[in-house]
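Structural characterization, general
Next come the chains, spelled out residue by residue.
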Amino acid sequence: MATGKKSSVLDYKPLGPATWADFEELFGSRGACGGCWCMSWRLSRADFNSGKGERNKALMRGAVIAGENPGILLYEDGQAIGWCSLGPRETFPALERSRVWKPVDDKPVWSISCFFVRKGYRTRGVSVTLLQAAIDFARKSGAKILEGYPQELEGKKLPDVFVWTGLAASYRKAGFEEAARRSAAKPIMRYEL
């Protein structure tokens, strides 16, 4: 994968013990956004809120040490520039509590819950590249359907921090199709692997 710069090469790696330091550096001292450490969809709301910061970071690190691959990091010339959280839907209990994102059917799916792109790389198509990498990773991991829960902005502009689930337009560019829409601004997008 390559960006518009001829000298840049993009590649991805799963988050694991060997890439933890890159994840930590990408997320920074604030844990990407307000101490999240990409635990928002993995915990109850009360546990997530009480764990913002170091506790959420420790929980994510514990999952990585235990052998889970909770997502992928996108690299440009060796530096992590983006993150995509994905895995079997059941690893994201927040989805089960949502009326908008309840299951479309009884087929087993992998879910994409979150993106984080390094400042300076936003609005450059990095999320589309992350989605393409997520498709590759999910396929290699044995998934049959990959599902995401982006926002449909329809010309509106939101601060970057509020589009952490991604944009529907990016999903479409990566080949996803709408599977359901229970809210005007929140389609469920699917990619059949």
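Re the environment of Gln151
Along the polypeptide, Gln151 turns up in the loop between β5 (145-148) and α6 (168-173). Gln151 sits in the buried class, given a relative accessible area of 18%.

Some words on the sheet that holds strand β2 (residues 71-76)
Strand pairing in a sheet is mediated by backbone hydrogen bonds. Such pairs are either parallel or antiparallel. Overall, mixed pairing links the 7 strands, which are arranged β1-β2-β3-β4-β5-β7-β6 in an open sheet. The open sheet terminates on both sides in strands that have one partner only, identified here as β1 (10-14) and β6 (177-181). The mean angle between the axes of side-by-side strands here comes to 30°, regardless of whether they run parallel or antiparallel. Both β6 and strand β7 (residues 187-192) contribute to a ladder of 4 bridges, which runs antiparallel. In the sheet register, Glu178 faces β7, and the bridge partner there is Met189. On the sheet, helix α5 (residues 126-140) packs against β1, β2, β3 (79-88), β4 (110-117), β5 and β7 and is oriented at approximately 145° with respect to β4.

Describing the nonpolar core
Judged by nonpolar contacts, the single largest core of 27 residues is most densely connected at Ile72, Cys84, Leu86, Ile112, Leu146 and Phe176. Those elements giving two or more residues to this core turn out to be β1, β2, β3, β4 and α5. In terms of residue count, the dominant contributor to this core is α5 (9 residues). Aside from chain neighbours lying at most four places away, what touches Leu146 is Leu86, Trp110, Ile112, Ala134, Ile135, Ala138, Phe176, Met189, Arg190, Tyr191 and Leu193. By size, the runner-up hydrophobic cluster in this structure holds 19 residues, among which are Leu26, Val64, Ala80 and Phe116.

Thoughts on helix α1 (residues 20-27)
Listed in full, the buried residues belonging to α1 are Trp20, Phe23, Leu26 and Phe27. One side of α1 holds all its buried residues, which, seen down the axis, span an arc of 125°. Looking at the packing, one finds that the buried side of α1 touches α3 (54-65), β2, β3 and β4. Gly28 lies just past α1 and shows a positive phi near 70°.

A word on the packing of aromatic side chains
Per the stated rule, a full pass over the model turns up 17 aromatic pairs. Aromatic pair Trp20 and Phe23: ring centres 5.2 Å apart, planes at 45°, arrangement tilted. Here the residue Trp20 and the residue Phe23 both occupy positions in helix α1, the gap between them amounting to 3 residues, near one helical turn. The class for Trp20 is buried, based on a relative accessible area of 4%. When its relative accessible area of 0% is taken as the criterion, Phe23 is described as buried. In this structure an aromatic cluster arises from ring pairing among Trp20, Phe23, Phe27, Trp37, Trp83 and Phe116. Between the NZ or CZ atom of Lys13 and the centre of the ring of Tyr75, over which it lies, the distance is 4.8 Å.

Structural notes on the packing of α1 against α3
Contact pair α1 / α3: the axes reach a minimum separation of 12 Å and the direction vectors enclose 155°. Taken together, the axis directions place α1 and α3 in an arrangement best described as roughly antiparallel. Here α1 runs over α3; the crossing is right-handed. In contact with Trp20, Phe23 and Glu24 of α1, α3 contributes Lys57, Met60, Arg61 and Val64. By residue class, the composition of the contact of α1 with α3 is 4 nonpolar, no polar and 3 charged.

Conventions we followed
Residues numbered from 1 in each chain as written. Predicted model: local features only at pLDDT ≥ 70, side-chain atom pairs only at ≥ 80, totals over all residues. Heavy atoms only, no water. Helix = DSSP H or I, 4+ residues; strand = E, 2+ residues; numbered from the N terminus. Buried < 20%, exposed > 50% of the residue type's maximum accessible area, 1.4 Å probe, protein only. Pairing = 2+ DSSP bridges. Axes fitted to C-alpha atoms, helices over the stretch in contact; angles between N-to-C directions. Contact = heavy atoms within 4.5 Å. Core = buried A, V, L, I, M, F, W, Y, C linked by side-chain atoms within 4.5 Å. Arc of directions from axis to C-beta. Phe/Tyr/Trp six-rings, centres within 6.5 Å; stacked < 30°, edge-to-face > 60°. Lys NZ or Arg CZ within 6 Å of the ring centre and 35° of its normal. Parallel < 35°, antiparallel > 145°, perpendicular 65-115°, else oblique. Left-handed = near helix turned anticlockwise from the far one by under 90°. Nonpolar A, V, L, I, M, F, W, Y, C, P; charged D, E, K, R; others polar.

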